[in-house]
Amino acid sequence: MKKRLSICLILSLLCTSCFPAFANNNEVIESSSAQEAQYNIETININMAENLLDEYYINLTGQEFSIDSSEVNAEIIENFVETQVTNNIIPDTQEARAALSKEAYRAIFMAGAESASAMFPIASYLLKHSLTDNPSDVTYPAGSYTSNEVFSSAVVQNLIEKAIAVIQHNATGSFYTYRDSGSFNYSSYPDLGLAIGKFNFTTIATKPSTVWTYSYTLTDVYNYDPWPNVTSAIGKMNNIAAEAQSAGAITPFNVTIYPNIV
């Protein structure tokens, strides 16, 4: 349902240089196949993955790992993970590979979300919230910063006007429910476009006496769907986020936003 950029790669659009793609020629540490791996499935975590990524990249380039790149993809993560298997850092099992892949994606996306938090506060928060195995659903109440941003936008104001017109024209009783959908365009609403993208919009109207009262709810599932046949940088970066989701690094959850009742 989502058609958004991944936050941790947004900065690459603003940069004039990117680091080179990872390769398979990282220095291999000689170890015995019988020696126990440095980490096991229980000790693989995001901090460990971040440190290993830094070490891996320094061995390749002489520089610390940078998030300001559009070079991250599933092949690069796979090369990184296989190097850790070869160096006996993690066990030679599919479970350990999958765990390190997931945490490597999370380390990259977490760093990007933190770097982008000032520019994209809503999107940054939701991205960081997704980087766990079981994120809770997120609700923004009326009067919150996110609610105010969403319901003051021209996109939602137009939906409200449309809903009121439809209800007043069609309603015959004292209760009416109207459902619609919309989307935030990244170019017009960068933070909301990244955080929410497409959404569902529900209007409930009640008429206890002679005047209609309206309440609104905006709902969304925070996730990333791959775009087919992408050629643009935006599409490619969206698909990197979809790869991270497939690896388990990004976990979908529900978002609900309420405004003040009109």
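Scope of this entry: the structure provided in the associated data block.

Rules used throughout
Residues numbered from 1 in each chain as written. Predicted model: local features only at pLDDT ≥ 70, side-chain atom pairs only at ≥ 80, totals over all residues. Heavy atoms only, no water. Helix = DSSP H or I, 4+ residues; strand = E, 2+ residues; numbered from the N terminus. Buried < 20%, exposed > 50% of the residue type's maximum accessible area, 1.4 Å probe, protein only. Pairing = 2+ DSSP bridges. Axes fitted to C-alpha atoms, helices over the stretch in contact; angles between N-to-C directions. Contact = heavy atoms within 4.5 Å. Parallel < 35°, antiparallel > 145°, perpendicular 65-115°, else oblique. Left-handed = near helix turned anticlockwise from the far one by under 90°. Nonpolar A, V, L, I, M, F, W, Y, C, P; charged D, E, K, R; others polar. Polar contact = N/O pair within 3.5 Å; in protein donor to acceptor, adjacent residues only side chain to side chain. Phe/Tyr/Trp six-rings, centres within 6.5 Å; stacked < 30°, edge-to-face > 60°.

Tracing the sequence through the fold places Pro-228 in the loop between β4 (213–222) and α9 (233–246). Here Pro-228 falls in the exposed class, since its relative accessible area comes to 69%. Along the backbone, Pro-228 and Asn-239 are eleven residues apart, and their C-alpha atoms lie at a distance of 9.0 Å.

Before going further, it helps to spend a moment on the sheet that holds strand β3 (residues 198–206). Reading across from one edge, β1-β5-β4-β3-β2 is the order of the five strands in this open sheet, with mixed pairing throughout. The open sheet has two edge strands with one neighbour each: β1 (138–140) and β2 (175–183). Going from strand to strand, the sheet's axes swing by 20° on average, the running direction of each strand aside. Taken together, the nine bridges between β2 and β3 define a ladder with antiparallel strand orientation. Looking at the pairing, Tyr-176 lines up with Ala-205 of β3. Sheet strands touched by helix α5 (residues 121–130): β1, β4 and β5 (253–257). Its angle to β1, the strand with the most contacts, is close to 155°. Of the strands in this sheet, β2, β3 and β4 touch helix α7 (residues 154–170), which is tilted by about 150° from β2.

Packing of helix α3 (residues 74–86) against helix α4 (residues 94–115) brings their axes to within 10 Å, and their N-to-C directions diverge by 125°. Overall, the two elements α3 and α4 adopt an arrangement that is oblique. Classified by chirality, the crossing of α4 by α3 is right-handed. Contacts from Ala-74, Ile-77, Phe-80, Val-81, Glu-82, Gln-84 and Val-85 in α3 reach Arg-97, Leu-100, Ser-101, Ala-104, Tyr-105 and Ile-108 in α4. Residues that form the contact of α3 with α4 fall into these classes: nine nonpolar, two polar and two charged.

The subject of this paragraph is the environment of Tyr-214. Turning to its location among the elements, Tyr-214 is positioned in strand β4. Each C-alpha atom, one on Tyr-214 and one on Ala-163, is 9.3 Å from the other, the two residues being 51 residues apart in sequence. Polar side-chain contacts of Tyr-214 include one of 3.2 Å to the side chain of Gln-168.

Turning next to the packing of aromatic side chains. Taken as a whole and judged by the stated rule, the model has seven aromatic pairs. Judged by centre distance (5.8 Å) and plane angle (20°), the ring pair of Phe-201 and Tyr-216 falls under stacked. Residue Phe-201 is located in strand β3, and its partner Tyr-216 is located in strand β4; the two are separated by 15 residues in the primary sequence. Phe-201 sits in the buried class, given a relative accessible area of 1%. Ring pairs connect the aromatic residues Phe-151, Phe-201 and Tyr-216, which therefore count as one cluster.

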